[in-house]
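Understanding the architecture of this molecule
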Amino acid sequence: MNLVLLGPPGAGKGTQATKIAEKYNIPHISTGDIFRKNVKEGTPLGKKAQEYMSKGELVPDDLVIELVEDRLTEDDCKGGFLLDGFPRTVYQAEKFDVYLKEKNSAIDKVLDIDVEKDILIDRMIGRRVCKNCGATYHVKNMPPKKEGICDVCGGEIYQRADDTLETVSNRLQVYLEQTSPLIDYYEKAGNIAHINGAGALDKVFSEIVEVLGA
Ligand code: AP5
Ligand code: MG
Ligand code: ZN
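Parameters and conventions
Residues numbered from 1 in each chain as written. Chains lettered and ligands numbered in written order. Predicted model: local features only at pLDDT ≥ 70, side-chain atom pairs only at ≥ 80, totals over all residues. Heavy atoms only, no water. Helix = DSSP H or I, 4+ residues; strand = E, 2+ residues; numbered from the N terminus. Rg over C-alpha atoms; globule rule 2.2 N^0.38 Å. Buried < 20%, exposed > 50% of the residue type's maximum accessible area, 1.4 Å probe, protein only. Contact = heavy atoms within 4.5 Å. Areas by Shrake-Rupley, 256 points an atom, 1.4 Å probe, with all protein chains shown as cover. Donors = N, O, S within 2.8 Å, 3.2 Å for Na, K, Ca; no water. Tetrahedral: all angles 85-135°; square planar, octahedral: opposite > 155°, others 65-115°. Expected span 1.5 Å × (residues − 1). Arc of directions from axis to C-beta. Phe/Tyr/Trp six-rings, centres within 6.5 Å; stacked < 30°, edge-to-face > 60°. Lys NZ or Arg CZ within 6 Å of the ring centre and 35° of its normal. Pairing = 2+ DSSP bridges. Axes fitted to C-alpha atoms, helices over the stretch in contact; angles between N-to-C directions. Salt bridge = Lys/Arg side-chain N within 4 Å of Asp/Glu carboxyl O.

1. Let's talk about the overall build of the chain
Within the chain, the secondary structure is distributed over nine helices and eight strands. Against the globule reference of 17 Å for 214 residues, the chain gives a C-alpha radius of gyration of 16 Å, in line with a compact fold. On the principal axes, the C-alpha backbone points of the chain span a range of 50 × 40 × 35 Å. Put simply, the chain has 214 residues, and 44% of those count as buried. Taking all contacts inside the chain whose residues are at least 6 apart in sequence as the whole, residues at least 24 apart take part in 69%. Accessible surface computed for the chain: about 11400 Å², of which carbon and sulfur atoms make up 49%.

What follows is the structure, encoded as structure tokens:
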């Protein structure tokens, strides 16, 4: 199963992706997570990506496309993949379609998770992430059992550098301008499903399972 998660920042793509990957046994590939790992390790890619991420801008298309295509050649992608945060521009989507076609492959489903703006801002400002394993929490909605400590691995919990009010506003604007046209793009392709992301975590997940089949 080849899946793409679409939706504004803070919609819950990463949160749902963890559950989808587990249930359908496909790797969760988040371009944002890959960039953050590179930033943390201080690689050349990380240094380049950070210039854009810190402002809430998109990393240049060709850099992202190469990264994803590289990742998809790894063994764990043989039975499918779950992309989170890619494609994010029409250009990325077109290039990706060409790539898949060459491999005699295609996207089975694009899950468009939609949430209204006020909730998105609250979710991002309150988000906390484990430094070690990447597990995601929220100070109000999903706090860890012990403050500041990850339930999964005991790692330290931090706030993402791009989760400040100023950067969040720009990320929402960038989504509207550069990513939301993808809804139309995949509407035309006929493989998109719309998911209401405003409900509780399990409710959103049930909607996704209904679309994908149990
Ligand atoms: P990326 O990491 O992809 O960030 P994003 O798209 O802005 O999305 P988020 O990770 O902020 O939100 P999410 O939908 O995953 O929400 P989450 O599950 O965490 O990208 C970061 C940057 O990298 C970009 O700005 C760009 O610079 C660069 N980049 C990445 N990909 C790129 C690409 N393809 N091209 C160019 N540049 C790229 O949930 C949010 C919060 O809400 C959490 O606290 C969670 O606990 C809570 N929550 C989730 N679901 C619920 C629920 N149902 N009820 C209550 N709370 C909930
Ligand atoms: Mg995410
Ligand atoms: Zn952890």
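2. Regarding the coordination of the zinc ion (ligand 3)
Protein coordination of the zinc ion (ligand 3) is provided by Cys130 (SG), Cys133 (SG), Cys150 (SG) and Cys153 (SG), with donor distances spanning 2.3 to 2.4 Å. Each of the four donor atoms around the zinc ion (ligand 3) contributes to a set of angles spanning 99 to 115°, which defines the coordination as tetrahedral. For the zinc ion (ligand 3), the donor residues sit on a single chain with the sequence spacing C-x2-C-x16-C-x2-C.

3. Remarks on helix H1 (residues 13–24)
For the α-helix, the turn length of 3.6 residues means that residues three or four positions removed from each other point alike. Given a rise of 1.5 Å per residue, twelve residues ought to cover 16 Å, and the 16 Å separating the end C-alpha atoms of H1 matches this to within 8%. Within H1 the residues assigned to the buried category are Lys13, Gln16, Ala17, Ile20, Ala21 and Tyr24. Take H1 and look down its axis: the buried residues cluster within an arc of 135°, on one side only. Against the buried residues of H1 lie strand E1 (2–6), strand E2 (28–30), strand E3 (81–84), strand E4 (109–114) and helix H9 (201–212). Asparagine 25 sits one or two positions beyond H1 and adopts a positive phi of about 55°.

4. Topic: the packing of aromatic side chains
Ring pairs (aromatic) are described by centroid distance and by the angle formed between their planes. One pass over the full model with this rule turns up four aromatic pairs. Note on phenylalanine 86 and phenylalanine 96: the rings are 5.2 Å apart at their centroids and 80° apart in plane angle, and the pair reads as edge-to-face. Linking phenylalanine 86 in the loop between E3 and helix H5 (90–102) with phenylalanine 96 in helix H5, this pair joins segments that are ten residues apart in sequence. Take phenylalanine 96: its relative accessible area is 1%, and that puts it in the buried class. Members of the aromatic cluster, each reached through a chain of ring pairs, are Phe81, Phe86, Phe96 and Tyr99. For lysine 19, the ring lying beneath its charged end belongs to phenylalanine 205, and the centroid distance is 4.9 Å. Above the plane of the ring of tyrosine 24 lies lysine 23, whose end atom (NZ or CZ) is 5.8 Å from the centre.

5. Side note on the sheet that holds E2
Spatially, five strands are ordered E2-E3-E1-E4-E8 in an open sheet, and the strand pairing comes out parallel. Each edge of the open sheet is held by one strand with a lone partner, namely E2 and strand E8 (192–196). For this sheet the average axis-to-axis angle between neighbouring strands, irrespective of direction, equals 20°. Looking at chain direction, E4 and E8 are connected through five bridges and run parallel.

6. Overview of the pattern of salt bridges
For the structure shown, the criterion picks out twelve salt bridges. Two residues, lysine 19 and aspartate 202, come together in a salt bridge whose shortest N-O distance is 3.5 Å. Taken together, the positions of lysine 19 in helix H1 and aspartate 202 in helix H9 put the pair 183 residues apart, joining distant regions of the chain. Accessibility expressed as a relative area gives 25% for lysine 19, which makes it partly exposed. Close ionic contact of aspartate 163 with arginine 127 constitutes a salt bridge, the shortest N to O distance being 2.8 Å. Linking aspartate 163 in the loop between strand E7 (157–158) and helix H7 (165–179) with arginine 127 in strand E5 (residues 127–130), this pair joins segments that are 36 residues apart in sequence. On the basis of relative accessibility, which here comes to 1%, the residue aspartate 163 falls in the buried class. When its relative accessible area of 13% is taken as the criterion, arginine 127 is described as buried. Members of the salt-bridge network, linked through shared partners, are Arg127, Arg160, Asp162, Asp163 and Arg171.

As far as function goes, none of this settles anything; it's purely spatial.
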